[in-house]
Amino acid sequence: GAVVSQHPSWVICKSGTSVKIECRSLDFQATTMFWYRQFPKQSLMLMATSNEGSKATYEQGVEKDKFLINHASLTLSTLTVTSAHPEDSSFYICSARVLAGVNIQYFGAGTRLSVL
Amino acid sequence: GIQVEQSPPDLILQEGANSTLRCNFSDSVNNLQWFHQNPWGQLINLFYIPSGTKQNGRLSATTVATERYSLLYISSSQTTDSGVYFCAVVEGKLIFGTGTRLQVFP
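Given the structure is predicted, the values throughout are model-derived calculations rather than measurements. (Residues numbered from 1 in each chain as written. Chains lettered and ligands numbered in written order. Predicted model: local features only at pLDDT ≥ 70, side-chain atom pairs only at ≥ 80, totals over all residues. Heavy atoms only, no water.)

## Quick word on the side chain of Gln 37 of chain B
Piece 1. With respect to the secondary-structure elements, Gln 37 of chain B resides in strand S4 (residues 31–37).
Piece 2. The exposure class assigned to Gln 37 of chain B is buried, which follows from its relative accessible area of 6%.
Piece 3. Polar side-chain contacts of Gln 37 of chain B include one of 2.8 Å to the side chain of Gln 38 of chain A. (Helix = DSSP H or I, 4+ residues; strand = E, 2+ residues; numbered from the N terminus. Buried < 20%, exposed > 50% of the residue type's maximum accessible area, 1.4 Å probe, protein only. Polar contact = N/O pair within 3.5 Å; in protein donor to acceptor, adjacent residues only side chain to side chain.)

## Considerations on the state of the cysteines
Piece 1. Scanning the entire structure with this criterion turns up two disulfides over all chains.
Piece 2. Here Cys 23 of chain A engages in a disulfide with Cys 94 of chain A; their sulfurs sit 2.0 Å apart. For the disulfide bridge between Cys 23 of chain A and Cys 94 of chain A, the dihedral angle about the S-S bond is near 80°, and by the sign convention the bridge is right-handed. Residue Cys 23 of chain A is found in strand S3 (residues 19–25), and its partner Cys 94 of chain A is found in strand S9 (residues 90–97); the two are separated by 71 residues along the sequence. An identical accessibility class is assigned to Cys 23 of chain A and Cys 94 of chain A; each is buried.
Piece 3. One disulfide in the model links Cys 23 of chain B with Cys 87 of chain B; its S-S distance is 2.1 Å. Note on the Cys 23 of chain B and Cys 87 of chain B pair: the S-S dihedral is about 80°, so by sign convention the disulfide is right-handed. Of this pair, Cys 23 of chain B sits in strand S3 (residues 19–25) while Cys 87 of chain B sits in strand S9 (residues 83–91), and the two are 64 residues apart along the sequence.
Piece 4. When its relative accessible area of 0% is taken as the criterion, Cys 23 of chain B is described as buried.
Piece 5. Residue classification places Cys 87 of chain B among the buried residues on the basis of a relative accessible area of 0%.
Piece 6. Distance from the sulfur of Cys 13 of chain A, which forms no disulfide, to the nearest cysteine sulfur (Cys 94 of chain A) is 18 Å.
Piece 7. Accessibility expressed as a relative area gives 10% for Cys 13 of chain A, which makes it buried. (Disulfide = S-S within 2.5 Å.)

## Section: the interface of chain B and chain A
Piece 1. Each partner contributes to the interface: chain B provides 18 residues, whereas chain A provides 19 residues.
Piece 2. A buried area of about 1,500 Å², summed over both sides, lies between chain B and chain A, and 53% of it is on carbon and sulfur atoms.
Piece 3. Interface area lost by chain B to chain A is led by Tyr 48, Lys 93 and Phe 96 of chain B, which between them contribute 29%.
Piece 4. Taken together, the links from chain B to chain A amount to one salt bridge.
Piece 5. Lys 93 of chain B is paired through a salt bridge with Glu 59 of chain A; the nearest N and O atoms lie 2.7 Å apart.
Piece 6. Connecting chain B to chain A are six residue pairs in polar contact (both at pLDDT 80 or more).
Piece 7. Put simply, the parts of the chain that give the side of chain B that touches chain A at least two residues each are S4, strand S5 (43–48), S9 and strand S10 (93–96) of chain B. (Contact = heavy atoms within 4.5 Å. Buried area = accessible area lost by both parts, 1.4 Å probe. Salt bridge = Lys/Arg side-chain N within 4 Å of Asp/Glu carboxyl O.)

## Focus on the sheet that holds S3 of chain A
Through backbone hydrogen bonds, the strands of a sheet pair up, either in parallel or in antiparallel fashion.
All names here are of chain A.
Piece 1. Across the sheet, which stays open at both edges, the four strands sit in the order S1-S3-S8-S7 with antiparallel pairing between neighbours. The sheet terminates laterally at strand S1 (4–7) and strand S7 (67–73), the two strands that pair on one side only. Taken pair by pair, the neighbouring strands of this sheet meet at an average axis angle of 15°, ignoring direction.
Piece 2. Bridging between S3 and strand S8 (residues 76–81) involves six bridges; their strand directions are antiparallel. Each bridged residue has a counterpart across the sheet, and for Arg 24 the counterpart in S8 is Leu 76. (Pairing = 2+ DSSP bridges. Axes fitted to C-alpha atoms, helices over the stretch in contact; angles between N-to-C directions.)

## As for the nonpolar core
Piece 1. Of all hydrophobic cores here, the largest spans 24 residues; its most connected members are Trp 35, Phe 67, Leu 79, Tyr 92 and Leu 113 of chain A.
Piece 2. Among all residues touching Leu 113 of chain A, those that are not within four sequence positions of it are Val 11, Cys 13, Val 19, Val 81, Asp 88, Ser 89, Ser 90 and Tyr 92 of chain A.
Piece 3. In this structure, Cys 23, Leu 46, Ile 49 and Val 104 of chain B belong to the second largest nonpolar core, which totals 22 residues. (Core = buried A, V, L, I, M, F, W, Y, C linked by side-chain atoms within 4.5 Å.)

Here it is in structure tokens:
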């Protein structure tokens, strides 16, 4: 149980285009999902917390107009990187917290974004 | 904010060896998790361990919350254990440690 699916796993795009990444909890409901960014050989950095039916909460220094987050249902959150530039190239990972019970997050497999 | 430091940063082992990874945190925490990030980037939950000791096969973890540290033990390491091990403290959100990169050679 507690499977989180993230798509796509790899995306290459041209500078200036927008990219959407999906995060789905497959076998549980998640009122809260999280989006992380990871640079090579570094730790995970929380970008934003996404709550179903409300606006996302962004961490300090994260541009909310650049990284649009939507959490329209209890099983789906999306991250859209708008007008992507090479400096947005990174590994993006989502996680979902189980609706009830202990505070445990389960992670998607990540999306590697390369902006040319 | 809470600082989470892990040691050693890098570890190279031969298959069959044992190892201990350490996680120090700067303030009291409600909970702590250990993760393994495999070479493809997938994070796998290993332990959810606010205190005490837990074991799962060749892996075990101990958290001493009063002294602000947690240990992850890997026994009889295998090449599939390679990757990065993160601890993360739970304070509403997860605060990840700096990670230990483990390479196990046959």
